[in-house]
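# Breakdown of the fold
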Amino acid sequence: MKNFMEKCCSECWHTPENQCQYFVQCCTEGPLCHHSDECTAKIKEYNAQLLFKKHDEPVIFIGAGTCGLAAGAAKVEETIKTELAKHNINATIIRTGCIGYCAREPIVDIKLPNGERIAYCEVTPKLVPKLVQTTIIDGGVLESNLLGSHERKSEICSSLYDNPFFALQKKIVLENCGIINPDSIDAYIANGGFRGINKALKLMTNEEVVKEILDSGLRGRGGAGFPTGKKWELAMKQKSDTKYIICNADEGDPGAFMDRSVLESDPYKLIEGMMIAGYAIGANFGYIYCRAEYPLAISRLTHCIEECEKYGILGENILNSGFNFRLKIKKGAGAFVCGEETALIASIEGKRGMPKPRPPFPVVAGLWGKPTVINNVETLANISSIINKGAEWFASVGTDRSRGTKVFALSGKIVNTGLVEIPMGITLEDVVFKIGGGIPFNKKFKAVQIGGPSGGCLPMSVIQTPVEYETLKEVGAMMGSGGFVVMDEDTCMVDIARFFLNFIKDESCGKCVPCREGTKRMLEIIERIPVAYDDKNDKTDQLNRFKGIIGLKRLAEVIKDTSLCGLGQSAPNPVLSGLKYFKDEYEEHLFDRHCRAGVCKELLTFSIDNTLCTGCGLCKKKCPNEAIVGQKGEGHFILQDKCIQCGMCLETCRFCAINVN
Amino acid sequence: MANQIIEKYPKNDRSILIPLLQDIQEENGYLPEDVLKEAAAHIGISMSSIYGVATFYNQFRLTPLGKNVIRVCRGTACHVKNSANILFGLETALNIKAGQTTRDKNFTLEVVSCIGACSIAPVICINDDYYGRVTVKEIDRILKKYQPVQPKPSPQKAEEVVK
């Protein structure tokens, strides 16, 4: 058998045009329409191949998501190929998605015939010959780069799940990510794919599907946490001949990349989730609104949709159930506000992505005035497992108010950057210090930024907060889409507030005044804080700065209360949480003119330590304002009145001769 | 060429506007005015509506790009890891500001809000190549790969020769 569309014998009649209702079950369990031991054996053997239970050649899995490729996975693959050719070894090479441990990429898994699948990390092209020699030729384990075996109980080396990064995780959404070949529909089916839609179509009415999702307690993973079942119920009850389901894959949050990873590593799961959603609400058409910045995700999705159509899993009369469903990809054009439901709809309709006042909500009048459900990628990726394993199983994970798991993208000043899926209810401390491995270079933890530009920065004092929708809101952040940026003592909170306001100001669509004008004013106030003035005795400037801060909080409240959409309403959050937890840092900037993190460059003075300076002249060459003077081979000096505090000298100096005060 | 792209899409359907603009930009590298006029006639909307959409989204540009496009990620994770310095370093190395193209049309420097490769921050992306964990020291070396084969001697080097 080469693929599941190849008929086991002449009895099988499944085609995309004329579908067999047993197709999905038949693919994994053997033919159901006729009895033949030969056919069952054939299908069983193909499944074993797909699950890599039985193979004659070594199999090499290469993590090739965008992160893996950026870390050099393509070069590693090439080197592996040439190395294998050199030794005359035949092996199967499979590109998988991302397993989540981005800090240690490129990750290569090697599975010998009848052996365990063992993961190796930080595999560079230089290491490849050694890796091939030790593992494939000698059949051993390369301890220096070992990550662990994929088996929970391994006989030859430590298990992946002994690693704290994986030990505390509970994978539902990411269960296949980095494990299976994301391009192969057969691999997805063999790993239990399309059983959810199969079950929904055969055994459940659409009310039952909606009830199952309601009972599971699944809440929207895009940020606000609206119960998904409720949304579906509202849409289901709408009487309309056309309805739409839209997947929001416009992951605009800077610092979040979980949607990208799901799209790249397990696109079929999303497709299946959308099909179930379409069946539940009565929609026959779905859109995936994906960021254009994710070319790999878009190409994989396109390929997967084509495959599904070829198999008859998307199209007319799916699995002979009378349900029709088609999917289309819409490329976003880069606007953060398009993450807002009504703005996203406007964008699909070919207009400027500006939000509309609600009600009417999209579930009543959405895309082209028809009832529309918009769900986030992660939400939809949960659906198939819920239908498959039941609401009770899903509800047993997490806490009472927040069920299931949440995917976070750990980034910033943390050892184990990457993608983690944690059961709701574990504390931020566990995520940062146990899973994340703490802060690199023995620096001190300062804050964690959750929820992107709409969220907030949480300090050490609230690190015991469990990860739940409500608790995070209480402490001044929000779940958001799952950005989790860790900051250490070298991060300045005033600078972070400035960064987010700058982002929001740029991304504000300009429709409502509080957001358009208010965020700009807030940015001006924040920007004024670290600016150094020529005349240090000028008290009016200091007074203005001080007055700005007093007004800042009130301005923030007004923007929060009066903005039209979620973007504006949550825009002041980074500032408010900053003022709440890091007031001392703001005051230090204001009164002492000092930035403890050394980030606000306007407050710094640069000088050269002549005992260390070798006079190489590199900083002189790099200085954009010609503020550095000195003869080659002798100590250099910085002319303070010319220095613009850009910090280029500090970045370029190879001898650590630049002092910062 | 432009006609072929436009003809692929149905007439008088507003919803095709953004994909159409994306295709035009992919073909030309930017949105040329004369092509936009044709597109406006094809869809049956005014030129000002197209201008409104084209200037709203970050992706679209109305001026041609350089040969190599450098995208500097300015997401949160990259910001925390000093991407501002990377951007400043690139600006000084190329002697242009973000959003501009060098005189010789070799480089365009762009800022994007997030590339989605936060785990290897700070990231820059030149054409389709990603560079993770970039430092200011590396900038010259990275840019060199994309310089034309025989670069003209820069004024600074010329000075050294005179000495």
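Keep in mind that this is a model prediction, so the values were computed, not measured. (Residues numbered from 1 in each chain as written. Chains lettered and ligands numbered in written order. Predicted model: local features only at pLDDT ≥ 70, side-chain atom pairs only at ≥ 80, totals over all residues. Heavy atoms only, no water.)

### What to know about the overall build of chain A
Here is the rule: In DSSP terms, a helix is any run of H or I states spanning at least four residues, a strand is any run of E spanning at least two, and both are numbered starting from the N terminus. Burial classes follow relative accessibility: with a 1.4 Å probe on protein chains only, a residue under 20% of its type's maximum area counts as buried, one over 50% as exposed, and anything between as partly exposed. Whether two residues are in contact is decided by their heavy atoms: any pair within 4.5 Å suffices. Accessible areas in this description were obtained via Shrake-Rupley with a 1.4 Å probe; residue shielding takes into account the shown protein chains only. For the purpose of charge, His is not counted, nor are the chain termini; Lys and Arg are scored as positive and Asp and Glu as negative. For charged residues, the charge sits on one atom: NZ in Lys, CZ in Arg, CG in Asp, CD in Glu.
Helix and strand counts for chain A come out as 26 helices and 18 strands. Projected onto its principal axes, the C-alpha coordinates of chain A cover approximately 95 × 65 × 40 Å. A buried classification covers 58% of the 661 residues belonging to chain A. For chain A, long-range pairs separated by at least 24 residues make up 70% of all intrachain contacts whose partners lie at least 6 apart in sequence. Total accessible area on chain A stands at roughly 26,300 Å², and carbon and sulfur atoms take up 51% of it. Considering chain A, the positive charge centre built from 79 side chains and the negative charge centre built from 80 side chains are found 4 Å apart.

### Looking at the interface of chain B and chain A
So the rule is basically this: Summed over both partners, the accessible area lost on bringing two parts together, with a 1.4 Å probe, is the buried area. Whenever a carboxyl oxygen of Asp or Glu lies within 4 Å of a side-chain nitrogen of Lys or Arg, that contact is scored as a salt bridge. In protein, a polar contact requires one atom able to donate a hydrogen and another able to accept it; more generally it is a pair of N or O atoms within 3.5 Å, and residues adjacent in sequence count only if both atoms are side-chain atoms. Asp, Glu, Lys and Arg are counted as charged, while Ala, Val, Leu, Ile, Met, Phe, Trp, Tyr, Cys and Pro are counted as nonpolar; the rest, among them Gly, fall into the polar class.
Contacts between the two partners involve 41 residues from chain B and, on the opposite side, 59 residues from chain A. Around 4,000 Å² of area is buried between chain B and chain A when both sides are counted, 58% of it from carbon and sulfur atoms. The three residues of chain B that bury the most area against chain A are F56, T76 and V80 of chain B, which together make up 16% of that side's buried surface. Across the contact surface, chain B and chain A share 1 salt bridge. Put simply, D140 of chain B and K622 of chain A hold a salt bridge, and the shortest N to O gap is 2.8 Å. Along the contact surface separating chain B from chain A lie 17 residue pairs in polar contact (both at pLDDT 80 or more). If you list the elements that add at least two residues to the side of chain B that touches chain A, you get α2 (17-28), α4 (47-56), α5 (76-80) and α6 (83-94) of chain B. Here the side of chain B that touches chain A takes 5 residues from α2 of chain B, the largest share from any one element. Tallied by class, residues from the side of chain B that touches chain A come to 17 nonpolar, 17 polar and 7 charged.

### Details of the domain arrangement of chain A
Interface size is commonly expressed as the accessible surface area that is lost when the partners come together. Where we set the bar: An automatic or database domain assignment supplies the start and end points of every domain.
As far as domains go, chain A holds domain 1 (59-167), domain 2 (185-395), domain 3 (405-491), domain 4 (494-592) and domain 5 (604-660). Averaged C-alpha coordinates put domain 1 of chain A and domain 5 of chain A at centres separated by 44 Å.

### Concerning the pattern of salt bridges
Residue and element names in this part refer to chain A. As enumerated under the stated definition, the model contains 41 salt bridges over all chains in all. The partner of E341 in a salt bridge is K231, with the nearest N and O atoms 2.9 Å apart. Residue E341 is found in helix α14 (residues 341-348), and its partner K231 is found in helix α10 (residues 228-237); the two are separated by 110 residues along the sequence. Classification of E341 as buried rests on a relative accessible area of 17%. Of the charged contacts, one joins R521 and E524 as a salt bridge, the two residues approaching to 2.9 Å between their closest N and O atoms. Here E524 and R521 lie together in helix α20 (residues 513-528), a separation of 3 residues that amounts to about one turn.

### Let's talk about the sheet that holds strand β7 (residues 285-290) of chain A
Residue and element names in this part refer to chain A. Stated precisely, the cut-off is as follows: By the convention used here, strands pair only if DSSP detects at least 2 bridges between them. Every angle, taken between N-to-C directions, lies between 0 and 180 degrees, and every axis is a line fitted to C-alpha atoms, over only the stretch in contact when it is a helix.
Judged by pairing direction, the sheet is parallel, and its 4 strands sit side by side in the order β8-β7-β6-β9 without closing on themselves. Pairing within the sheet leaves two strands with one partner each, and these edge strands are β8 (326-331) and β9 (372-376). The mean inter-strand angle of the sheet, taken between neighbouring strand axes irrespective of direction, is 20 degrees. In this sheet, β7 lies alongside strand β6 (residues 244-249) in parallel orientation, the contact comprising 6 bridges. Pairing of A249 across the sheet is with C290, part of β7. Against the sheet, helix α12 (residues 267-281) contacts β6, β7, β8 and β9, and its axis sits at roughly 150 degrees relative to β6.

### Describing the nonpolar core
As a rule of thumb, nonpolar side chains are buried together in soluble globular proteins. Residues and elements named next belong to chain A. Stated formally: Throughout, nonpolar core names a set of buried Ala, Val, Leu, Ile, Met, Phe, Trp, Tyr and Cys residues whose side chains join them through atoms within 4.5 Å.
Core analysis: the largest hydrophobic core is formed by 92 residues, its most contacted members being F194, W232 and I288. With 10 residues, α12 is the single largest residue contributor to this core. One finds I435, V462, A477 and V485 within the second-largest nonpolar core, a separate group that totals 46 residues.

### Details of the packing of helix α23 (residues 573-581) of chain A against helix α24 (residues 583-592) of chain A
Angle between the axes and distance between the axes: these two values describe a pair of packed helices. Residue and element names in this part refer to chain A. This is how it is decided: Roughly parallel covers angles under 35 degrees, roughly antiparallel covers those over 145, roughly perpendicular covers 65 to 115, and oblique covers all other angles.
One way to put it is that α23 packs onto α24 with a least axis distance of 5 Å and a crossing angle of 90 degrees. Classified by the interaxial angle, the pair formed by α23 and α24 is roughly perpendicular. Of the residues in α24, those in contact with V575, G578, L579 and Y581 of α23 are K583, D584 and Y586. Counted by class, the contact of α23 with α24 contains 4 nonpolar, 1 polar and 2 charged residues.

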